[in-house]
Each structure stands twice: as structure tokens, then as C-alpha cells.
Amino acid sequence: MKILFLGPPGAGKGTQADMVARKLGIPQISTGAILREAMKAGTPVGLDAKSYVDSGLLVPDDVMIALVRERLTEPDCTRGFILDGFPRTLEQAKILDGFCKLDLVIDLVISDEAIVHRLTGRRVCADCGATYHIDRLTSDTCLKCSGALIIRQDDAPETVLNRLEVYHRQTAPLETYYTQMDLLREVDGALSLEDGFTAIDSILRTAGE
Ligand code: AP5
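This is a predicted model, so every value here is computed, not measured.

So, how was this worked out
Residues numbered from 1 in each chain as written. Predicted model: local features only at pLDDT ≥ 70, side-chain atom pairs only at ≥ 80, totals over all residues. Heavy atoms only, no water. Helix = DSSP H or I, 4+ residues; strand = E, 2+ residues; numbered from the N terminus. Buried < 20%, exposed > 50% of the residue type's maximum accessible area, 1.4 Å probe, protein only. Contact = heavy atoms within 4.5 Å. Salt bridge = Lys/Arg side-chain N within 4 Å of Asp/Glu carboxyl O. Axes fitted to C-alpha atoms, helices over the stretch in contact; angles between N-to-C directions. Parallel < 35°, antiparallel > 145°, perpendicular 65-115°, else oblique. Left-handed = near helix turned anticlockwise from the far one by under 90°. Nonpolar A, V, L, I, M, F, W, Y, C, P; charged D, E, K, R; others polar. Near = heavy atom within 4 Å. Polar contact = N/O pair within 3.5 Å; in protein donor to acceptor, adjacent residues only side chain to side chain. Areas by Shrake-Rupley, 256 points an atom, 1.4 Å probe, with all protein chains shown as cover. Pairing = 2+ DSSP bridges.

Caption draft 1: Spotlight on the environment of Val 45. Considering the arrangement of structural elements, one finds Val 45 in helix α3 (residues 44-55). The class for Val 45 is partly exposed, based on a relative accessible area of 34%. As a C-alpha pair, Val 45 and Pro 27 span 18 residues in sequence and 22 Å in three-dimensional space. Ignoring sequence-local partners within four residues, the contact set of Val 45 consists of Leu 35, Val 63 and Leu 67.

Caption draft 2: Representation of the pattern of salt bridges within the structure. Here the structure, examined in full by the defined rule, presents twelve salt bridges. Notably, a salt bridge pairs Arg 71 with Glu 74, separated by 3.4 Å at the nearest N-O pair. Look at Arg 71 and you get buried, because its relative accessible area is 17%. The exposure class of Glu 74 is partly exposed, given its relative accessible area of 35%. Across the salt bridge formed by Asp 154 and Arg 163, the nearest N and O atoms sit 3.8 Å from each other. Assessed through its relative accessible area of 7%, Asp 154 is described here as buried. Assessed through its relative accessible area of 10%, Arg 163 is described here as buried. Beyond isolated ion pairs, a larger network of salt bridges with shared partners links Arg 122, Arg 152, Asp 154, Asp 155 and Arg 163.

Caption draft 3: Highlighting unusual backbone geometry. Here the amide bond leading from Phe 86 into Pro 87 is cis, since omega sits at 0 degrees, within 30 degrees of zero. Along the chain, Pro 87 turns up in the loop between β3 (81-84) and α5 (90-99). With a phi close to 65 degrees, Ser 146 is a non-glycine residue in the positive phi region. Counting through the fold element by element, Ser 146 comes out in the loop between β6 (131-133) and β7 (149-150). Using a relative accessible area of 55% as the deciding quantity, one classes Ser 146 as exposed.

Caption draft 4: Main features of the packing of helix α2 (residues 31-41) against α3. Closest axis-to-axis distance for the α2/α3 pair is 8 Å, and the angle between their directions is 120 degrees. Taken as axis vectors, α2 and α3 run oblique relative to one another. Between α2 and α3 lies a crossing whose hand is left-handed. Residues Leu 35, Ala 38 and Met 39 of α2 touch α3, and the partners they reach there are Val 45, Gly 46, Ala 49, Lys 50, Val 53 and Asp 54.

Caption draft 5: Molecular detail of the packing of α5 against helix α8 (residues 173-180). In contact at an axis separation of 10 Å, α5 and α8 are set at 30 degrees when each is read in the N-to-C sense. It follows that α5 is roughly parallel to α8 by the angle criterion. Each of Leu 90, Ala 93, Lys 94, Leu 96 and Asp 97 in α5 lies in contact with α8, whose residues at this interface are Pro 173, Leu 174, Tyr 177 and Tyr 178. Residue classes in the contact of α5 with α8 are distributed as seven nonpolar, no polar and two charged.

Caption draft 6: Local environment of the site of the ligand. For the ligand, the set of nearby residues contains 34 residues, the closest of which are Thr 15, Leu 57, Arg 88, Arg 122 and Arg 163. Side-chain polar atom of Lys 13 to an oxygen atom of the ligand: 2.9 Å apart, as the coordinates give it. In this structure, an oxygen atom belonging to the ligand sits 3.1 Å away from a side-chain N or O atom of Arg 152. For the ligand, whose unbound accessible area comes to 1000 Å², protein coverage reaches 95%. Residue assignment for the shell around the ligand shows that the elements contributing at least two residues are α1 (13-24), α2, α6 (112-120) and β6. In terms of residue count, α2 provides more of the shell around the ligand than any other element does, four residues in total.

Caption draft 7: The arrangement of the sheet that holds β7 in detail. The antiparallel open sheet is built from three strands, whose spatial order is β6-β5-β7. In this open sheet, the two strands that pair with only one neighbour each are β6 and β7. Where strand β5 (residues 122-125) and β6 come together, three bridges link them in antiparallel fashion. Bridge pairing in β6 places Arg 122 opposite His 133. In this fold α6 packs onto β5 and β6, with an angle of close to 40 degrees to the strand it touches most, β5.

This is how it looks when you write it as C-alpha cells:
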């Protein structure tokens, strides 16, 4: 199955996509994670992307499209995949349609106020990228690899507001786009992790029938 997780920054796309990917045995392709890896490694793509990511702006469409197009040719994608964070503009969505037909779009819907709380309380593992929230932290280090927990550069409060503005202006129009294609299913992003996963699982079962 080819699934897209849509929703504003902090809606829980990465967290839910990770759970669903493990359940279905298909890869989660997070463009944000790919960019952060590239930035950490200092590759040309990473160096070019850094100023955009750190200030909460979108990396240019041509860079992102090339990156995803190449990733989707890898062998682990043959049984399906979950796109997390791509497409993010109408241009990206239209070009994606040209080389890949999605089966389902899960749209996590949540208020801006809840997002600010989530992102300013998020902690990520510097080594493996696992995500936590200070409300539920049970350890000072990553539970998966014992790496240090850090605050993402783009989770600074002023950058979060910028990312939200960018989302409403450039990414929210995709809701209409995918509704018109009858692919979009909404899920309440404010649900608990477990209830959100149950809601998504039920949509997946219906879609798979
Ligand atoms: P990206 O990494 O994709 O960031 P984002 O879309 O802003 O999404 P986040 O990772 O911030 O949030 P999320 O929805 O995954 O939430 P999470 O599960 O972590 O992109 C970063 C940047 O890269 C962009 O700003 C842009 O510059 C660039 N970029 C990436 N893709 C691009 C593209 N296609 N085009 C152009 N540029 C691109 O959860 C957030 C927090 O909430 C966590 O602490 C989590 O533990 C907690 N949480 C999650 N679910 C729940 C819940 N149900 N209840 C309580 N807490 C929860």
C-alpha cells in the first residue's frame, strides 16, 4: 500500500507513520529525517537545505522531488511505503502523481495551540532520531539506543510559528487536492497515541478490503 501522512508540523505524522510502517512491514520515508541526516553528514543536499530547514521554510521543490523519486526506486519500496512529509506543495503533489499513484492519504487534524505545546516539548535522539515528549519522558536518554536527547533546531518557538504559517499557506491546499481525488481520510490528531493508531488502523483495514 502507498500511503501519505498529511498534517501540520507536530501533528504526529512521524510517530504514527513509524507505528504503521512497523505493523505493515513497509518503509517510512520521512523527508524531514532524510534532510536532517544529510545535514548531519554535511552532504551537498544537506548543506543547501540547512538554511531552509532551520528557519522553517520549505526546501525547493526540485530538490525534494529528486530526492523522493530516487528513494522510491529502492527495493524496500516494492511492497509499498509511507510518505511522511512529502508532498508538501501542490507542485510536489502533481509531479508525484506523474510517477506514483497513492492509495490513501491520512490527514491528521489538530489545532495550532496543541501543536505549539507538542513541538516546544519534543525531544529527539541525536543518534537515531527517535521522538519523545517531555510530558511522557521516563529517561534522560533515548530508550532505543541510549543516545542524548536534544531539542530540534526548528522547534524553537518562533520557528514553530513560522512553520505553521508555511503549512497553512503552502501545504493545507493539499487537503482539497486529495479530497477531490477521493483519497483523503481525516483522523483527529489530538487523540492519544493509542487511540490515533486504532483510528488509522481501522481506516487501513477498510481501504484494504
Ligand atoms: P519534517 O521533519 O517533516 O517536520 P514537520 O512536518 O514539521 O513535522 P514534524 O516532524 O515536526 O512533526 P510530526 O507531525 O512528524 O510530529 P511528531 O510525530 O514528531 O520537516 C522538517 C523540515 O524539513 C521542514 O520544515 C522543511 O524545511 C523540510 N522539508 C521536509 N519535507 C519537505 C518537503 N516535502 N518539501 C520541502 N521541505 C521539506 O510529534 C510531535 C511531538 O508530539 C512529539 O514530541 C511526539 O512525541 C508528540 N506526539 C505525537 N503524537 C502525539 C499524541 N497523539 N499525543 C501526544 N503527543 C503526541
